[in-house]
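# Summary of the model geometry
What follows is the residue order along each chain.
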Amino acid sequence: QVQLVESGGGLVQPGGSLRLSCAASGSILSIYTMGWYRQAPGKQRELVATVTSSGNTDYADSVKGRFTTSRDNAENTVFLQMNSLESEDTAVYSCYMGIATKATRVPVAYWGQGTQVTVSS
């Protein structure tokens, strides 16, 4: 069994910063791509950022230059540093990881529980 636990969401003023974390635990063999989605009320889910096992990153155009994702392989953790936050960034942010376990032997997508980020003055 694998669990992803997120932390770091909250309320921040426009222009402020937040750092999200997502840690995986369980019978993990390997973790492949890690990333973040977000979903705002009334909008479709949006892929925000990804980081591969080799450290290559990719970002949605809407967050390029403001958000940075990184990973700590030793701790099975992915981070999302969000700077210069805007009201349009308000959403529920969910992490995901492609994880191979002792049971599956191939990567399966696992999701965090989601954390609310609200950008408002």
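Now for a quick tour of the structure.

Scoring rules and cut-offs
- Residues numbered from 1 in each chain as written.
- Predicted model: local features only at pLDDT ≥ 70, side-chain atom pairs only at ≥ 80, totals over all residues.
- Heavy atoms only, no water.
- Helix = DSSP H or I, 4+ residues; strand = E, 2+ residues; numbered from the N terminus.
- Rg over C-alpha atoms; globule rule 2.2 N^0.38 Å.
- Buried < 20%, exposed > 50% of the residue type's maximum accessible area, 1.4 Å probe, protein only.
- Lys, Arg positive; Asp, Glu negative; His and termini not counted.
- Charge placed at Lys NZ, Arg CZ, Asp CG, Glu CD.
- Phe/Tyr/Trp six-rings, centres within 6.5 Å; stacked < 30°, edge-to-face > 60°.
- Salt bridge = Lys/Arg side-chain N within 4 Å of Asp/Glu carboxyl O.
- Polar contact = N/O pair within 3.5 Å; in protein donor to acceptor, adjacent residues only side chain to side chain.
- Contact = heavy atoms within 4.5 Å.

This part covers the overall build of the chain. Scanning the chain from terminus to terminus reveals zero helices and 11 strands. Its helices and strands taken in sequence order, the chain reads β-β-β-β-β-β-β-β-β-β-β from the N to the C terminus. At 14 Å, the chain has a C-alpha radius of gyration in line with the 14 Å of a compact globule built from 121 residues. When its C-alpha atoms are laid out on the principal axes, the chain stretches across 45 × 25 × 25 Å. Counting every position in the chain, which comprises 121 residues, the buried fraction comes to 43%. Charged side chains of the chain number 9 positive and 9 negative; the gap between the two group centres comes to 7 Å.

Before going further, it helps to spend a moment on the packing of aromatic side chains. Inspection of the entire model under this criterion finds three aromatic pairs. Each ring, one from Tyr37 and one from Tyr96, has its centre 5.5 Å from the other, and the planes form 55 degrees; the classification is tilted. Of the two residues, Tyr37 is situated in strand S4 (residues 28-39) and Tyr96 in strand S9 (residues 91-101); the sequence distance between them amounts to 59 residues. Among the residues examined, Tyr37 registers a relative accessible area of 19% and is labelled buried. Look at Tyr96 and you get buried, because its relative accessible area is 14%. For the pair Tyr96 and Trp111, a centre-to-centre distance of 5.5 Å together with 35 degrees between the ring planes defines the contact as tilted.

With that settled, the discussion passes to the side chain of Arg71. With respect to the helices, strands and loops of the structure, Arg71 is situated in strand S7 (residues 67-72). Among buried charged residues, Arg71 stands out as having no salt bridge; its nearest opposite-charge side chain is Asp72, 8.4 Å away. Looking at Arg71, its side chain comes within polar contact range of the main-chain oxygen of Val51, at 3.2 Å. Among the polar contacts listed, one links the side chain of Arg71 to the side chain of Asn73, at a separation of 2.7 Å. Contact partners of Arg71, with chain neighbours within four places excluded, come to Ile31, Tyr32, Thr33, Met34, Val51, Thr52, Ser53, Thr77 and Val78.

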